[in-house]
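Close look at the chain arrangement
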Amino acid sequence: MTDRLAIRVYRRLLWLYPRPFRDEYGDDMALLLADQLRDEAAPRVWLRVALDLVLTVPAHRMEARMNRPRSSAVPLLFAVIALAGVIVILLAATTLGIVAIGASIALVSGGLAVAAARRSRPVGAPAAITAHWWQFLVGGAVAIGLLSVVTGITGELPDGGWAIAMAVLFASLLSLVAGVLLGLARLGGAGRPTPS
Amino acid sequence: MVRRRKPLPSSSLHLVLALLDGELHGYALMGRVAELSDGSVRMGPGTLYGALNRLVDEGLIEETTDRVARDDNERRRYYQLTSVGRSVAVDELDRLQKLVRRVARHLPGGAVA
């Protein structure tokens with residue numbers, strides 16, 4: 001194999017490395033191989049290169065995976081499903097079975113949203129206001145759920161009760177909207193590089 | 001109180017010790033490491049540039065690129081120790097010397113390093 005062909009083959013093999021590493025050091029690594037092939041026997045160089053690839057590619061891949069910014073899409077998706085569960089409760093507040101199904105969806109999806117949001121937060125990173133988006137969503141959903149249960153049980157609210165219920169509903173809806181907006185803002189900012 | 005660093009991994013240790021003499025490019029570094037280790041340590045390109053990348057990230061070495069234009073227009077990246085890196089390299093050297101002296105004192109016949 002000529003040196004030129006060997007370098008071309010090695011450049012193809014460099015695709016095994018994560019792209020940022022390859023972009024940063026690919027040319028230097030190919031140049032290094034050319035130097036080695038010039039000064040040493042080719043079989044010896046290729047044996048070393050093969051061992052090097054086997055040992056370092058998985059390590060670089062794992063390192064790149066661990067440093068990858070985590071997405072907020074999964075927790076946001078669960079939060080939207082939880083919200084759908086709350087809407088089901090609101091729309092069918094008088095039918096107990098449907099309320100139970102809506103409540104189950106809201107609780108399970110809300111729990112999964114919280115778990116996914118906690119997992120997506122980088123270790124040691126300062127918590128920005130957008131990091132609390134799921135708390136707004138869960139808070140709003142829980143308040144609306146409780147309101148639905150109370151109105152469903154009592155049937156009628158005492159004098160002045162409606163004013164309180166409307167205030168709670170308004171605050172809950174505000175909280176839900178704030179949660180969605182903060183979640184979208186966080187999702188939009190997930191791809192940006194963090195300052196070192 | 002001075003915070004003690006963990007000992008450097010083997011490849012990083014060899015690289016900072018090799019750079020104590022001054023700046024070197026990748027291939028020269030590889031050769032210097034092989035020379036210092038009597039040929040027992042020969043790094044592949046992935047190991048070498050992976051370790052260099054970590055050392056740059058840790059602020060122990062820095063790139064002094066764009067030095068030598070070869071005939072075929074290939075440019076080599078040179079690396080040198082930062083002041084912190086030099087201090088770490090000297091500390092590592094001192095740690096290794098102490099280790100060898102302590103071990104040698106306990107060898108039968110009091111062998112000297």
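The model shown is predicted, which means the values in this text are computed figures rather than measured ones.

This next bit is on the sheet that holds strand β2 (residues 61-63) of chain B. Residues and elements named next belong to chain B. Strands sit in the order β1-β3-β2 across an open sheet of three strands; the sheet is antiparallel. The open sheet is flanked by β1 (24-25) and β2, the only strands paired with a single partner. Bridge count between β1 and strand β3 (residues 78-81): two bridges; the pairing is antiparallel. The residue of β3 that forms the bridge with H25 is Y78.

This paragraph deals with unusual backbone geometry. Within the chain, D38(B) stands out as a residue other than glycine whose phi angle is a positive 55°. Checked against the element boundaries, D38(B) lands in the loop between α2 (26-36) and α3 (45-57).

We now examine the interface of chain B and chain A. Often the size quoted for an interface is simply the accessible area lost on bringing the parts together. The interface is formed by twelve residues belonging to chain B together with 15 residues belonging to chain A. If you list the elements that add at least two residues to the side of chain B that touches chain A, you get α2 and α3 of chain B. The greatest single-element share of the side of chain B that touches chain A, amounting to six residues, is contributed by α3(B). Its residues placed into classes, the side of chain B that touches chain A shows three nonpolar, six polar and three charged.

A few words on the pairing of β3(B). All names here are of chain B. Burial along β3 is one-sided: Y79 and L81 are buried, while Y78 and Q80, pointing the other way, are not. In the sheet, β2 pairs with β3 via three bridges, with the strands oriented antiparallel. Bridge pairing in β3 places E62 opposite Q80.

Looking now at α3(B). Given a rise of 1.5 Å per residue, 13 residues ought to cover 18 Å, and the 18 Å separating the end C-alpha atoms of α3(B) matches this to within 8%. When we look at burial in α3(B), the residues that qualify are P45(B), G46(B), T47(B), L48(B), Y49(B), G50(B), A51(B), L52(B) and L55(B). Each element contacted by the buried residues of α3(B) is listed here: α2 (19-39) and α3 (42-67) of chain A together with α1 (10-18), α2, β2 and β3 of chain B. G59(B) sits one or two positions beyond α3(B) and adopts a positive phi of about 75°.

This part covers the confidence of the model for chain A. Chain-level pLDDT for chain A is 78 on average; 81% of the residues reach the 70-or-more range. Predicted confidence for residues 191-196 of chain A stays below pLDDT 50, and this span has one contact to residues more than four positions away or in other chains.

Glancing now at α2(A). In a regular helix each residue adds 1.5 Å, so 21 residues correspond to 30 Å; α2(A) covers 29 Å between its end C-alpha atoms and thus fits that length. At Y25(A), α2(A) shows its maximal kink, close to 60°. All buried positions along α2(A) are accounted for by F21(A), Y25(A), D28(A), M29(A), L31(A), L32(A), L33(A) and Q36(A). Elements in contact with the buried residues of α2(A): α1 (3-13) and α3 of chain A together with α2 and α3 of chain B.

Here we take up the environment of A100(A). Residues and elements named next belong to chain A. On the secondary structure map, A100 appears in helix α5 (residues 96-120). Taking the C-beta count within 10 Å as the criterion, A100 has 11 such neighbours and is therefore assigned exposed. Remark: the alpha-carbon pair of A100 and V88, spanning twelve residues in sequence, is separated by 9.7 Å.

This part covers the nonpolar core. Membership of the largest hydrophobic core comes to 34 residues, with the highest contact counts inside it found for L15(B), V16(B), L19(B), L29(B) and L52(B). When contributions to this core are tallied by element, the ones reaching two or more residues are α2 of chain A together with α1, α2, α3, β3 and α4 (83-106) of chain B. Contacts of L19(B), omitting those with residues within four sequence positions, involve L24(B), I61(B), Y79(B), Q80(B) and L81(B). A113(A), W133(A), W134(A) and L176(A) belong to the second-largest nonpolar core, a separate cluster that totals 21 residues.

Residue and element names in this part refer to chain B. Where α1 meets α3, the closest approach of the two axes is 9 Å, and the angle between their N-to-C directions is 75°. Between α1 and α3, the angle is such that the two are roughly perpendicular. Residues S11, S12, L15 and V16 of α1 touch α3, and the partners they reach there are T47, A51, L52, R54 and L55. When the residues that make up the contact of α1 with α3 are grouped by side-chain class, the tally is five nonpolar, three polar and one charged.

What counts as what
- The residue numbering used here restarts from 1 in each chain and proceeds along that chain's sequence as written.
- Numbering of ligands from 1 and lettering of chains from A proceed in the order in which they are written.
- Per-residue local features are limited, in this predicted model, to residues with pLDDT of at least 70; the limit for side-chain atom pairs, both in listing and counting, is 80 or more; totals at the level of whole chains, interfaces and linings are taken over all residues.
- At least two bridges found by DSSP between two strands is the condition for calling them paired.
- By definition, any uninterrupted DSSP run of H or I lasting at least four residues is a helix, any uninterrupted run of E lasting at least two residues is a strand, and each is numbered from the N terminus.
- We call two residues in contact whenever the C-beta atoms placed from their backbones are within 7 Å.
- By the convention adopted, Pro, Cys, Tyr, Trp, Phe, Met, Ile, Leu, Val and Ala count as nonpolar, Lys, Arg, Asp and Glu as charged, and the other residues, Gly among them, as polar.
- Burial is judged by counting the other C-beta atoms within 10 Å of a residue's own C-beta: 20 or more makes it buried, 12 or fewer makes it exposed, and any count in between marks it as partly exposed, with every C-beta position built from the backbone.
- A helix is expected to span 1.5 Å for every residue after the first.
- A residue's pLDDT is the predictor's confidence in that residue, given on a scale from 0 to 100.
- Here the bend at a residue means the angle between the axes of two seven-residue stretches, the one that ends at it and the one that starts at it.
- Structurally, a nonpolar core is described as a collection of buried Ala, Val, Leu, Ile, Met, Phe, Trp, Tyr and Cys residues joined by way of C-beta atoms within 7 Å.
- Interaxial angle, 0 to 180 degrees, is taken between N-to-C directions of lines fitted to C-alpha atoms, where a helix line uses only the stretch in contact.
- Every angle not falling under 35 degrees, over 145, or within 65 to 115 is termed oblique; those three ranges are roughly parallel, roughly antiparallel and roughly perpendicular.

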